[in-house]
Amino acid sequence: MGIASINPATGETLKTFDALSDAAIAQKIEQTDRAFRHYRHTPFADRAQWMQRAAAILEERKAEFGKLMTLEMGKPIKAAIAEVEKSAWVCRFYAENAEAFLADVAIETDASRSFVRYQPIGIVLAVMPWNFPFWQVFRFVAPALMAGNVGLLKHASNVPQSALAIEEVVRQAGFPDDVFQTLLIPASKVAGLMEDDRIKAATLTGSEPAGKSLAQACGAQIKKTVLELGGSDPFVVMASADLPRAVETAVTARMINNGQSCIAAKRFIVQDSIFDEFAEGLAEKYKALKVGNPLEPDVAIGPLATSAILQELEEQVQRCVDAGAKVLVGGKGLPTSPSLPPTGTYYPPTILTEIPVDTPVAQEELFGPVATLFRVANVDEALAVANNIPFGLGASAWTQDAAEGDRFLNELEAGSVFLNGMVKSDPRLPFGGIKRSGYGRELGREGILEFVNAKTIWIR
Ligand code: NDP
């Protein structure tokens with residue numbers, strides 16, 4: 001597949017783009033590096049003003065940008081507009097807090113004065129996915145530019161118009177020329193970029209193979225990476241939980257972005273005594289979800305982003321069924337409807353139960369509206385099933401028993417644990433994973449500290 005916007009709701013090609021030539025890539029790297037030499041010396045107050053302006057532009061143009069995302073990757077329009085608003089929030093958050101996050105930190109030693117000073121490092125390459133085309137990029141752009149770094153974006157090949165729109169927002173906001181540029185290039189060009197001395201580090205959100213490939217290229221050049229890869233987050237519900245709230249939240253937590261979110265709840269691990277009630281409640285709500293054209297405001301589930309994602313999901317569900325899973329809801333193609341063009345990449349809300357815990361597909365991430373349900377006897381078994389995967393991104397646990405709650409907070413193997421709530425990202429809180437979900441953190445103070453030189457200063 002080339003670099004193209006293809007509407008997944010219809011299969012229509014909206015726009016195609018030529019990939020940049022090697023000469024054009026070299027020119028953009030040179031421009032961005034040159035921009036860094038003066039941008040690094042700009043005061044925080046100026047950067048904050050530009051970043052606030054970027055937030056204002058996002059808010060002013062949220063309907064336009066929301067529609068662009070929906071057309072390129074199929075998320076429901078309301079969620080797309082909310083994503084633009086959240087992108088504005090992260091801009092404002094770092095505009096207001098970056099200076100304090102990066103203030104010198106005094107440390108008493110044998111020196112007359114010693115402290116840590118945080119300084120920008122230069123060009124950071126961001127390799128970003130299509131699932132949250134604006135949010136994923138702005139949660140990189142806001143801390144990077146506020147820290148005095150400059151950025152190059154290699155966005156997913158199916159969201160080139162979003163990529164160019166983001167570049168335009170940064171330019172319109174008044175930032176100096178070339179501090180943030182989009183490279184329309186295929187994934188095959190990324191590893192080679194890391195051989196360029198002017199690119200100092202890279203951050204990637206996406207699949208495990210992509211993360212591994214970029215980390216290898218960076219390792220060969222001794223360059224830092226932050227990786228935010230997949231997840232198969234557990235959503236544990238114990239007998240003492242507020243069941244109606246847990247069921248309600250389970251639907252939102254699984255269906256966010258048509259089920260294509262790294263921190264979507266994917267495996268529902270439910271205590272035996274309430275399992276049937278939970279499953280029936282979830283099934284009822286799943287059947288009521290409206291699947292259809294994501295531009296219609298009352299549609300809850302749009303198409304999957306690409307035909308490749310659809311094909312992989314269908315194949316994974318089939319492997320679950322082959323391993324013994326029962327299909328409680330969905331699982332088959334949607335009934336033909338005039339509002340759903342046959343070329344659209346739709347998949348129905350689906351619930352699978354009785355999947356053997358150790359079957360290989362139970363260890364994989366299912367990127368679409370498919371919930372898998374596991375029945376457990378007690379908290380020990382719940383923790384064992386929850387942790388029995390190679391990923392460790394987020395985890396949600398539902399209980400009103402304080403001792404059980406403590407065990408989940410301490411023993412769930414994940415970068416974040418949400419008790420009696422769904423996992424969500426928030427500019428104020430660090431975000432990232434452990435195990436094969438990656439390493440490093442985005443957002444919060446931790447996020448802005450990833451790509452700075454924490455310089456030790458010692459003065460007699
Ligand atoms: P990819 O990981 O392939 O794409 C994410 C980004 O990485 C894109 O910009 C892509 O570019 C780029 N990329 C792909 N391969 C390489 C590589 N070898 N070196 C450098 N960059 C690379 O995700 P897919 O779109 O293929 O989705 C596949 C699966 O990945 C999903 O089913 C899901 O499991 C997971 N995923 C997880 C996400 C998350 O939020 N954690 C987001 C998206 C996907 P290009 O588009 O040009 O290939």
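Remember, it's a predicted structure, so these values are computed and weren't measured experimentally.

Visitor: Please clarify how the site of the ligand should be interpreted in this entry.
Guide: Within the structure, the ligand sits among 24 residues, and M128, W130, S157, S207 and E365 are positioned closest to it. The separation between an oxygen atom of the ligand and a polar side-chain atom of S157 is 2.5 Å. Within the shell around the ligand, the residues separate by chemical class into 12 nonpolar, 9 polar and 3 charged. Split by domain, the residues of the shell around the ligand number at least three in each of domain 1 (3-229 + 437-459) and domain 2 (233-426).

Visitor: Would you explain the domain arrangement of the protein chain in this entry?
Guide: What the domain assignment lists for the protein chain is domain 1 (3-229 + 437-459) and domain 2 (233-426). Relative to domain 2, the C-alpha centre of domain 1 lies at a distance of 30 Å. Each partner contributes residues to the interface: domain 1 has 27 residues there, and domain 2 has 30 residues. Taken together, the two surfaces of domain 1 and domain 2 that pack against each other cover about 2200 Å², and 59% of this comes from carbon and sulfur. The three residues of domain 1 that bury the most area against domain 2 are A9, W130 and S437, which together make up 24% of that side's buried surface. In this structure, the connection of domain 1 to domain 2 is made through 11 residue pairs in polar contact (both at pLDDT 80 or more).

Visitor: Looking at this structure, how should I read unusual backbone geometry?
Guide: Note on backbone geometry: most residues besides glycine have negative phi, and most peptide bonds are trans. With a phi angle near 55°, I222 is a residue other than glycine that sits in the positive phi range. In this structure, I222 sits in the loop between α8 (208-220) and β9 (224-228). With relative accessibility at 76%, the residue I222 sits in the exposed group. With a phi angle near 55°, N258 is a residue other than glycine that sits in the positive phi range.

Visitor: Please explain the pattern of salt bridges as it appears in this structure.
Guide: Opposite charge on two side chains makes pairing possible when the charged atoms of those side chains draw close. For the structure on display, the rule yields 29 salt bridges. Across the salt bridge formed by E64 and R61, the nearest N and O atoms sit 2.8 Å from each other. Judged by relative accessible area, R61 falls into the buried class, the value being 18%. Of the charged contacts in the structure, one is a salt bridge between R375 and D272, with a shortest N-O distance of 2.9 Å. A residue pair is termed long-range when its members are at least 10 positions apart, and R375 in strand β14 (residues 370-376) and D272 in helix α10 (residues 272-288) qualify at 103 residues. Residue class for R375 comes out partly exposed when judged on its relative accessible area of 42%.

Visitor: I tried to follow helix α5 (residues 135-146) on my own but got confused; where do I start?
Guide: It helps to recall that an α-helix has 3.6 residues per turn; residues three or four apart then point in one direction. The end-to-end C-alpha separation of α5 is 16 Å, in line with the 16 Å expected for 12 residues at 1.5 Å each. Of all 12 residues in α5, 12 are buried, a share of seventy percent or more. When α5 is considered as a whole, its buried residues turn out to be W135, Q136, V137, F138, R139, F140, V141, A142, P143, A144, L145 and M146. Phi turns positive one or two residues past the end of α5, at G148, with a value near 95°.

Visitor: For this particular structure, what's the right way to read the sheet that holds strand β17 (residues 416-419)?
Guide: What holds strands together in a sheet is hydrogen bonding between their backbones, with the strands either parallel or antiparallel. Spatially, the 7 strands line up as an open sheet ordered β12-β13-β14-β11-β10-β16-β17, and their pairing is mixed. Among the strands making up the open sheet, the edge pair consists of β12 (326-329) and β17. Between one strand axis and the next, the sheet turns through 25° on average, direction left out of account. Inspection of the sheet shows strand β10 (residues 233-237) paired to strand β11 (residues 265-271) by 5 bridges, in the parallel sense. Bridge pairing in β11 links F235 to F268. Against the sheet, helix α13 (residues 402-411) engages β10, β16 (394-398) and β17, with an angle of about 165° to β17.

Visitor: Can you walk me through the packing of helix α2 (residues 44-60) against helix α4 (residues 77-101) in this structure?
Guide: A packed helix pair is summarised by two numbers, namely the angle formed by the two axes and the spacing between the axes. Interhelical geometry of α2 versus α4 gives an angle of 165° and a closest axis separation of 8 Å. Here α2 is positioned roughly antiparallel relative to α4, judged by the angle of their axes. Here the hand of the crossing between α2 and α4 comes out left-handed. In this structure, α2 contributes F44, A48, M51, Q52, A55, A56, L58 and E59 to the contact, and α4 contributes V84, S87, A88, C91, R92, A95, E96, A98 and E99. Taken together, the residues of the contact of α2 with α4 sort by class into 11 nonpolar, 2 polar and 4 charged.

Visitor: I'm lost on the nonpolar core in this one. Help?
Guide: Soluble globular proteins tend to bury their nonpolar side chains together. One finds L58, Y94, L125, F138, F175, V179 and F180 to be the most contacted residues of the largest nonpolar core, which totals 83 residues. No other element matches the 10 residues that α4 contributes to this core. Per-domain counts for this core show at least three residues from each of domain 1 (3-229 + 437-459) and domain 2 (233-426). If sequence neighbours within four positions are ignored, L125 has contacts with L152, K154, V190, L193, M194, I199, A201, A202 and T203. Formed by 35 residues, the second largest nonpolar core is a distinct cluster that contains A156, L313, C320 and I355.

Visitor: Is there a simple way to think about the side chain of N258 in this case?
Guide: Along the polypeptide, N258 turns up in the loop between α9 (243-255) and β11. N258 sits in the buried class, given a relative accessible area of 0%. Once you skip the residues sitting within four places of it in the chain, N258 turns out to touch G74, K75, P76, A300, I301, G302, P303, L304, G368 and P369.

Visitor: Would you mind going over the sheet that holds strand β20 (residues 452-459) with me for this structure?
Guide: As summarised here, the arrangement of the 3 strands in space is β3-β4-β20, forming an open sheet in which the pairing is antiparallel. Two strands lie at the open edges of the sheet, namely β3 (105-106) and β20, each paired on one side alone. Both β3 and strand β4 (residues 113-120) contribute to a ladder of 2 bridges, which runs antiparallel. Bridge pairing in β4 links A106 to F115.

Visitor: For this particular structure, what's the right way to read the state of the cysteines?
Guide: Working definition: the covalent bond between the sulfur atoms of two cysteines is a disulfide. Scanning the entire structure with this criterion turns up 0 disulfides. Considering cysteine sulfurs only, C262 is the nearest to C91, which forms no disulfide, with 19 Å between them. A residue is classified by how much of its surface remains accessible, and C91, at 0% relative accessible area, is buried. Summary of cysteine pairing: C218 is not part of a disulfide, and the nearest cysteine sulfur, belonging to C262, is at 20 Å. The exposure class assigned to C218 is buried, which follows from its relative accessible area of 0%.

Criteria and cut-off values
Residues numbered from 1 in each chain as written. Predicted model: local features only at pLDDT ≥ 70, side-chain atom pairs only at ≥ 80, totals over all residues. Heavy atoms only, no water. Near = heavy atom within 4 Å. Polar contact = N/O pair within 3.5 Å; in protein donor to acceptor, adjacent residues only side chain to side chain. Nonpolar A, V, L, I, M, F, W, Y, C, P; charged D, E, K, R; others polar. Domains from an automatic or database assignment. Contact = heavy atoms within 4.5 Å. Buried area = accessible area lost by both parts, 1.4 Å probe. Helix = DSSP H or I, 4+ residues; strand = E, 2+ residues; numbered from the N terminus. Buried < 20%, exposed > 50% of the residue type's maximum accessible area, 1.4 Å probe, protein only. Salt bridge = Lys/Arg side-chain N within 4 Å of Asp/Glu carboxyl O. Expected span 1.5 Å × (residues − 1). Pairing = 2+ DSSP bridges. Axes fitted to C-alpha atoms, helices over the stretch in contact; angles between N-to-C directions. Parallel < 35°, antiparallel > 145°, perpendicular 65-115°, else oblique. Left-handed = near helix turned anticlockwise from the far one by under 90°. Core = buried A, V, L, I, M, F, W, Y, C linked by side-chain atoms within 4.5 Å. Disulfide = S-S within 2.5 Å.

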